[in-house]
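Understanding the architecture of this molecule
Residue-level listing of the chains:
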Amino acid sequence: MSLVINTNISSLNAQNNLTKSQSALATATQRLSSGLKINSAADNAAGFAISQRYTTQIGGLQQASSNASDAINLAQTAGSALDQVTANLQAIRDLAVQSANGTYTDADRSSIDQEVQQRLAEITRIANQTTFNGSNVLDGSMQTKSFQIGANVGQTISVNLGTSVKSSAMGQIATSSTGDISALFGTTAATPGTPYAGTAGTATTDWSSASAVSGLGVVNYNGTSVDWSTASTVTDAASAASWLQGKLGAGYTVTDGGGTTGALTIAGPTSAGTPASSGLTLAAGDLNIDGKDITGSFATVQDLSDAINAAGITGVSSAVSGDGKSLNLYANSALTIYGTAADSASTATNALKFSGAAATSGAATAITASGSLQGSDVKSVDDANALISRVDVALKSVSDFAAQLGAVQNRFQSTISTVAAQTTNLQASQSTIQDADFAAETANLSKANVLQQAGISVLAQANSNPQQVLKLLQ
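Nothing here was measured: the structure is a model prediction, and the numbers come from that model.

A short note on the packing of helix α1 (residues 9-34) against helix α8 (residues 438-463)
Relative to each other, α1 and α8 sit at 155°, their axes nearing to 8 Å. Relative to α8, the element α1 is oriented roughly antiparallel. Crossing of α1 over α8 shows left-handed handedness. The residue inventory of the contact of α1 with α8, partitioned by class, reads 14 nonpolar, twelve polar and two charged.

And the structure:
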């Protein structure tokens, strides 16, 4: 190999290797200090891009979990308020049941109604003032809301929050009433039976001997057959009456006119007659409520009301008016009434004349649900019964809303668990790509340090090689 001065190949090689070891040392130092093996796109372009996408998803999922937690808090806020609404509705119902009792006077009911009105006002206050982040959650104004529970567009859960629990928005029922129908339940007295009246023989019958009466043969008296040819003891009308009395038995009285001729008079037991009857009788087609015929005989208005309640018509209840003369129907949805006796224009003798009723099913129009808790009171038995029905409808609305909120809370809780698992898995994948392996990197650091020291030493040696030319010049 030639000895040259201008170009020191050994030094250049040593410098190149030293540069590489310096780069390796810098890389190892950076990775160990940052904990990342990808500190810039230059470290691993593909890995850097993938890692950034993971970062996007992880951040979105973490925020989605937070969103779901906020949604749960909203639902819990509404649910807690609904508990108070339910408590007030239950109290109102208890007061209405109390007021419907016949032992109370109008003054008593007015006193009871004062608490009813206060509780109705409290329900409306709760509906108007229950808010979450400035939005009312129980007055129906929120309508349907979508909650972002995923990292990407469209990953949402929609919740219908449009139910209003204000007094003016709950308690719609369909109602129908009769007028005074007490006259339809009058009583018909029993018709007494009449005694059997008959005769044996004629005005010229000869009762002087057994042989004289044997010619009468077999005769039927009020269902009892008697054979006169066996009357061996007959000698006159008196003995003939005695013999016949024995054949007819107790309950019959046989008398004679005396002597040996004439007819015997027979008086028998009283017949059953016609039993007493009472009330109203309805046949199929007389009264139909929501497709159910009410049939049978009813002694009182209460009996008819009990039969309607026992018929099991979904959502329909019946009650007798406070004066006991009318019948009121309450339904939690549209109510259809028709029939010969039900038609409000009926002229039948058994006409009940329900308001809104028709003569036939084809002419019937459903009575729609209307009204609300607002304006209701318990100042009369009829008003109390109506309020009971309205509260029942309101309680169903509130309980359905509360159940919906409870169910959606479970969905959000499930979402939080699912998102947490997704986040963990994405972070694990991201770690594989971008996190530094400290065991490997410390080994690389040690190696780079040794190479750096060795490179410096070798470079120093290589730089001294041109000095050997001086010996040639001596």
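From this point, the narrative continues.
Observations regarding the UniProt feature "domain: Flagellin C-terminal" (unreviewed entry) in the protein chain
Per the UniProt annotation, the sites labelled "domain: Flagellin C-terminal" (unreviewed entry) are residues 389-473. End-to-end, the C-alpha atoms of residues 389-473 are 125 Å apart, and along that stretch the chain is 92% helix and 0% strand.

With respect to the environment of Asn 222
With respect to the helices and strands, the residue Asn 222 is situated in the loop between β8 (218-221) and β9 (224-227). Residue Asn 222 is classed as partly exposed on the basis of its relative accessible area of 39%. If we ignore the near neighbours within four places in the chain, the residues touching Asn 222 are Tyr 196, Tyr 252 and Pro 269. Separated by 2.8 Å, the side chains of Asn 222 and Tyr 252 make a polar contact.

Regarding the pattern of salt bridges
Counting across every chain of the model gives five salt bridges. Measuring nitrogen to oxygen at the nearest pair gives 3.0 Å for the salt bridge that ties Glu 115 to Arg 119. Of this pair, Glu 115 and Arg 119 both sit in helix α3 (residues 106-129), four residues apart, roughly one helical turn.

Thoughts on the packing of helix α2 (residues 45-99) against helix α7 (residues 381-434)
For the pair α2 and α7, interaxial distance at closest approach is 7 Å and the crossing angle is 165°. In terms of axis orientation, α2 runs roughly antiparallel to α7. When you trace α2 past α7, the crossing you get is left-handed. Split into classes, the residues belonging to the contact of α2 with α7 amount to 31 nonpolar, 21 polar and two charged.

Cut-offs used in this document
- Residues numbered from 1 in each chain as written.
- Predicted model: local features only at pLDDT ≥ 70, side-chain atom pairs only at ≥ 80, totals over all residues.
- Heavy atoms only, no water.
- Axes fitted to C-alpha atoms, helices over the stretch in contact; angles between N-to-C directions.
- Helix = DSSP H or I, 4+ residues; strand = E, 2+ residues; numbered from the N terminus.
- Parallel < 35°, antiparallel > 145°, perpendicular 65-115°, else oblique.
- Left-handed = near helix turned anticlockwise from the far one by under 90°.
- Nonpolar A, V, L, I, M, F, W, Y, C, P; charged D, E, K, R; others polar.
- UniProt positions renumbered as here; feature names shortened; annotations may be inferred.
- Buried < 20%, exposed > 50% of the residue type's maximum accessible area, 1.4 Å probe, protein only.
- Contact = heavy atoms within 4.5 Å.
- Polar contact = N/O pair within 3.5 Å; in protein donor to acceptor, adjacent residues only side chain to side chain.
- Salt bridge = Lys/Arg side-chain N within 4 Å of Asp/Glu carboxyl O.

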